[in-house]
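# Coordinate inspection notes
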Amino acid sequence: MRLPVIFLLLASSLSAIADNYDLNKPFGFCTVSSRTDASSTYAVTGGGIYDYSQYEAFNGTKIILKSNGQDMKGTIQNAIKQNDVVILDGSDGEFIVSENIGFERGNKTILGINNARICTQWYLTDEDKTLLDNATDDRYTPVVTGVKNMSTSDKGGVLNSQTIKEQAEYITRKTLYEKYGNENYRKAGIFSLNKENVIIRNITFIGPGAVDVGGNDLVSASGAKHCWIDHCVFQDGMDGNFDITNESDFNTVSWCIFRYTDRSYVHQNTNLVGSSDSSTGDAGKLNTTYAFNWWAPGCNQRMPMARFGKIHMLNNYYSCGSASLCMNPRKSSEFLIEGNYFASNVKNCYKANDNPVAVTWADDNVIANTSVTKPTSFGTTVTVPYTYTVAPANAVSDAVQNDAGATLPWGDGGGEETGTKGSIYWAMSNNTNAVVSDAVAADFESTTVTNGGNLVLRTNGTYNNIRFSLYQAQSIQTEAADDNVVNFSLTTKSGYKFKASSVELYACKVATNNGTIDVAWKDAGGTTSLWQAVSPNRNNAEKGYFSYYTKDISASSTATEGTCSLIINIYNVGAMSESQLQKKDLGLAQILIKGTVTDSTTGISTPVTISTSQDVTYYNIKGQRVAHPTRGLYIVRAAGDTKGKKVFIK
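Here the structure is a predicted model, which is why all the values come from computation and not from measurement. (Residues numbered from 1 in each chain as written. Predicted model: local features only at pLDDT ≥ 70, side-chain atom pairs only at ≥ 80, totals over all residues. Heavy atoms only, no water.)

This part is about the overall build of the chain. Across its full length, the chain holds five helices and 48 strands. Relative to its 650 residues, the chain shows a buried fraction of 57%. Residue pairs in contact within the chain that sit at least 24 positions apart in sequence constitute 70% of those at least 6 positions apart. Of the roughly 25400 Å² that the chain leaves accessible, carbon and sulfur atoms contribute 45%. (Helix = DSSP H or I, 4+ residues; strand = E, 2+ residues; numbered from the N terminus. Buried < 20%, exposed > 50% of the residue type's maximum accessible area, 1.4 Å probe, protein only. Contact = heavy atoms within 4.5 Å. Areas by Shrake-Rupley, 256 points an atom, 1.4 Å probe, with all protein chains shown as cover.)

Encoded structure:
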C-alpha cells in the first residue's frame, strides 16, 4: 500500500512538496483497523466524497448551507442528520452556533467553501477578562487576587450544587455566573464527534477564548472512529481546541492549524488524547496520526498530550514560542515522532512523564533552538501499520505555513475568502466594480474596473462555485492592444502606500478554442509583465473549468501612493464570422491582489478587504466582512450605501 499524500524524499522547497502531495485522499491511522496489522485496511469515505469538485456528480443526499446571521445550531444539526454531504458556504458570512452540534449518525462528509467559518455565539470579552483579573478569593489567608494567581489543583468550592475542585476554576465560574446569571456559556463549542467514518475539511472553527470553566472543547471526538479531520483551523477553544477521548480510535488529523489569540484568557491547552489515567477502556485505542499540522503562537500545552494510544507525529511544525510544553507522551502511550520541525523560538519541545510505554524519536526531527537538548528514544521501536515516507523536516516549515488550514483551492474543496488576510479581492458578479468599506476608506480613494473600447462585459455566471464575468470582443483582433484591456485599478489616499505581494486569477474559454491573455502589474516602479501570451485550457483545466494563474511579485512591486493597476489584455478569442462573435467569450474570475497598505506617517501596515457589494454587508473594525453584527464596533452597509453606518452594540 502506498499513501499518495506523502512520498517525496528529496524535495527541500515548498513548491516541490505542495505540488506533489495528493491533498485529497485520507491517510494514516484512519485508513486501517489495527495498530499493528497492515492488511487490516479501512475505506474512509465519509458521506461519499472528499472534496467539493465531486459535489455536482454525487448522487447521495446533499445540501449547501449559507449563513443567515442567526444561531444556526439547529439548521446545521438537521442538515447533518438528513444528508450524507453538507457543504458550508461562507460567502454570506460566518456561521454562528450557540452550543455543540452532535452527530446522530456516522458516514458523513462536511466541507467548507468560500472561507467557511463556524463561530461560537458566546465569546470572552475584555470586560470578562478584567473581571477575572480583579476577582478576589478571601476564603484563605493570604487573600489571592486575580484568577491567574490562583491554584489549579485544590481550594475549590461549590457553585449551584456542583463541587468544583480547583480554586481558579471555581472563582472563574463564580465571577462569570454573577455577571451572566447562568452558565450557558460553558456549552460554547462547535462539533462533538462520536460516530464512525466522518470527514471534515476546509473549515475554520472560532471559539469563545480559552478560559478554565470545565466547558466544552471547540471540537471533540468522544468514541469517534475512522475520522479524517483535514485542512481545518482550530482557534480559541474554551477547554481544548480539539480533544480526542473516550475510546476514540483510528483517526487522522492532517494539515490543520491550532492557535489562540488575545481573545483567550488562560488554559490554552490545545490537543488532549485520552482524558485520564483511570480511563482503562482507552487501553489499546486512541491510535491517532498527526501529520503536517501547525501549532502556532498562543498554544501553551498539549500538542498533543496523550495517554494509552499509539500516536504518529509526522512532519508537524511548531512555532509556539511561549509554550510551556509541546509534545507530552503520558501513561501507557506510544509515540513515533518523525520529521517534525520546532522553530528557533520554541524551547519546551518535548517531555515524557507518567509512564509512557515507548517513544521513538527519529534523527530527522529538527529542533532549531540549539540550546534545547535533543530527546532520546526508549522502549521498543514504535511502528505504524501503514506505508508512508517522511518529508524532509527542513521543508516542513514552508509547506505547512503555506498549505495548512482552510486553504484548499477553489474547485478542490472550496477556497478561502482571502480578503480576510489583508487582500484586495474582486469577486466577479453583476457588479465588477469593487466597493470599499468604511473600515478601510481611510486607506483607499477608489477601486475600479474599466474595459477597453473593444471589450464588453457580456454576462456573468457561476461554475463550480466560481463566480466569473464574460468578456466579448467587438471586433476580431489577433494581437494585444490597448482597447482589449480590462484594467483593475486601486488608488490610495494621500499618505498611504500600497505594496503588492502576489497576484492570482482564474481564466476560461467559452465556446471557443482560442483566447489569449497578457497580464501585467503597474505601479510607481513601472510595469511588470506577469504572464505573456498564455492560453487558458478549455478542457481538463487544472481547476475544473478555469486555468489558475498565481505569481509572487513581492520582489518586483513598489510601495505606491496613488494608483496601481492589474492590466489584463484579452485577444485572439476568434470567431468564424463577425456574426458569431457573441458566442466567443473569455471569462475572468476571482481577481485577487495580496499586499499591505502602510500609513506613511505612522509606518503602521493595515489589512484591507475590498470585494463586490452584496445586498447587505457587515464589516468589523479591521475591515473584514462578517455575517452579522456581533458585539462591539462594526459597520453595516445596505445596497446603495456610500458610507455605511457605525453602530455600537453592548
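Let's pick the thread back up.
Before going further, it helps to examine the packing of aromatic side chains. All told, the structure shown has 24 aromatic pairs when counted by the stated rule. Pairing Y180 with Y185 gives two aromatic rings, centres 6.1 Å apart and planes at 45 degrees, and the pair type is tilted. Looking at Y180, the relative accessible area reads 22%, which means it is partly exposed. A centroid spacing of 4.5 Å and a plane angle of 10 degrees characterise the contact between Y318 and F342, whose relative ring orientation is stacked. Note that Y318 is positioned in strand 25 (residues 317–318) and F342 in strand 28 (residues 341–342), a separation of 24 residues in sequence. (Phe/Tyr/Trp six-rings, centres within 6.5 Å; stacked < 30°, edge-to-face > 60°.)

When pLDDT is averaged along the chain, the result is 82, and 79% of the positions lie at 70 or above. Scored below 50 in pLDDT, residues 429–441 shows 46 contacts in the model against residues more than four places distant or in partner chains. Low confidence marks residues 627–650, where pLDDT is under 50. Its contacts with residues over four positions away, or in another chain, come to 64 contacts. (pLDDT = per-residue confidence, 0-100.)

If you trace the nine strands from one edge of the open sheet to the other, you get 3-6-13-16-19-22-25-28-30, paired in parallel fashion. The open sheet has two edge strands with one neighbour each: strand 3 (95–97) and strand 30 (366–367). (Pairing = 2+ DSSP bridges.)

Should the charged atoms of two oppositely charged side chains come close, the side chains can pair. All told, the structure shown has 17 salt bridges when counted by the stated rule. A salt bridge links D89 to K66, with the nearest nitrogen and oxygen atoms 4.0 Å apart. Of this pair, D89 sits in strand 2 (residues 85–89) while K66 sits in strand 1 (residues 62–66), and the two are 23 residues apart along the sequence. Relative accessible area serves as the criterion here: at 4%, D89 is assigned to the buried category. Overall, the relative accessible area of 40% leaves K66 in the partly exposed class. Between R173 and E169 there is a salt bridge whose closest N-O contact spans 3.0 Å. On the criterion of helical spacing, the pair formed by R173 and E169 is a turn pair, its members being four residues apart in helix 4 (residues 167–180). (Salt bridge = Lys/Arg side-chain N within 4 Å of Asp/Glu carboxyl O.)

On to the pairing of strand 14 (residues 219–222). In terms of strand pairing, strand 11 (residues 191–193) meets strand 14 through three bridges, oriented parallel. Directly across from F191, in strand 14, lies its bridge partner V219. Pairing of strand 14 with strand 17 (residues 242–245) involves four bridges; the strand directions are parallel. For S222, the partnering residue across the bridge sits in strand 17 and is T245.

In this model, T141 is joined to P142 through a cis peptide bond whose omega is 0 degrees. Along the chain, the position of P142 falls in the loop between strand 7 (136–137) and strand 8 (144–145). Looking along the chain, the bond that leaves M303 and enters P304 is cis, with omega of -10 degrees. In this structure, P304 sits in the loop between strand 22 (294–295) and strand 23 (305–306). A positive phi angle is found at D354, which is not glycine, with a value near 60 degrees.

The sheet built from 10 strands is open, its strands ordered 1-2-5-12-15-18-21-24-27-29 with parallel pairing. Each edge of the open sheet is held by one strand with a lone partner, namely strand 1 and strand 29 (358–361). Shown here is a sheet whose adjacent strand axes are inclined to one another by a mean of 10 degrees, direction ignored. Strand direction decides the pairing type here: strand 5 (residues 108–113) and strand 12 (residues 196–201), joined by four bridges, are parallel. Pairing of T109 across the sheet is with I199, part of strand 12. (Axes fitted to C-alpha atoms, helices over the stretch in contact; angles between N-to-C directions.)

What follows concerns the packing of helix 3 (residues 126–134) against helix 4. It is the contact of helix 3 with helix 4, at a shortest axis distance of 10 Å, that shows an interaxial angle of 130 degrees. As far as their axial angle goes, helix 4 and helix 3 are oblique. Relative to helix 4, helix 3 is oriented so that their crossing is right-handed. Facing helix 3, whose interface residues are E127, D128, L131 and L132, helix 4 presents T172, T175, L176, K179 and Y180. Here the contact of helix 3 with helix 4 is built from residues that sort into four nonpolar, two polar and three charged. (Parallel < 35°, antiparallel > 145°, perpendicular 65-115°, else oblique. Left-handed = near helix turned anticlockwise from the far one by under 90°. Nonpolar A, V, L, I, M, F, W, Y, C, P; charged D, E, K, R; others polar.)

Within the sequence span of helix 2 (residues 73–82), burial applies to K73, I76, A79 and I80. Projected down its long axis, helix 2 shows its buried positions confined to an angular sector of 140 degrees, all on one face. (Arc of directions from axis to C-beta.)

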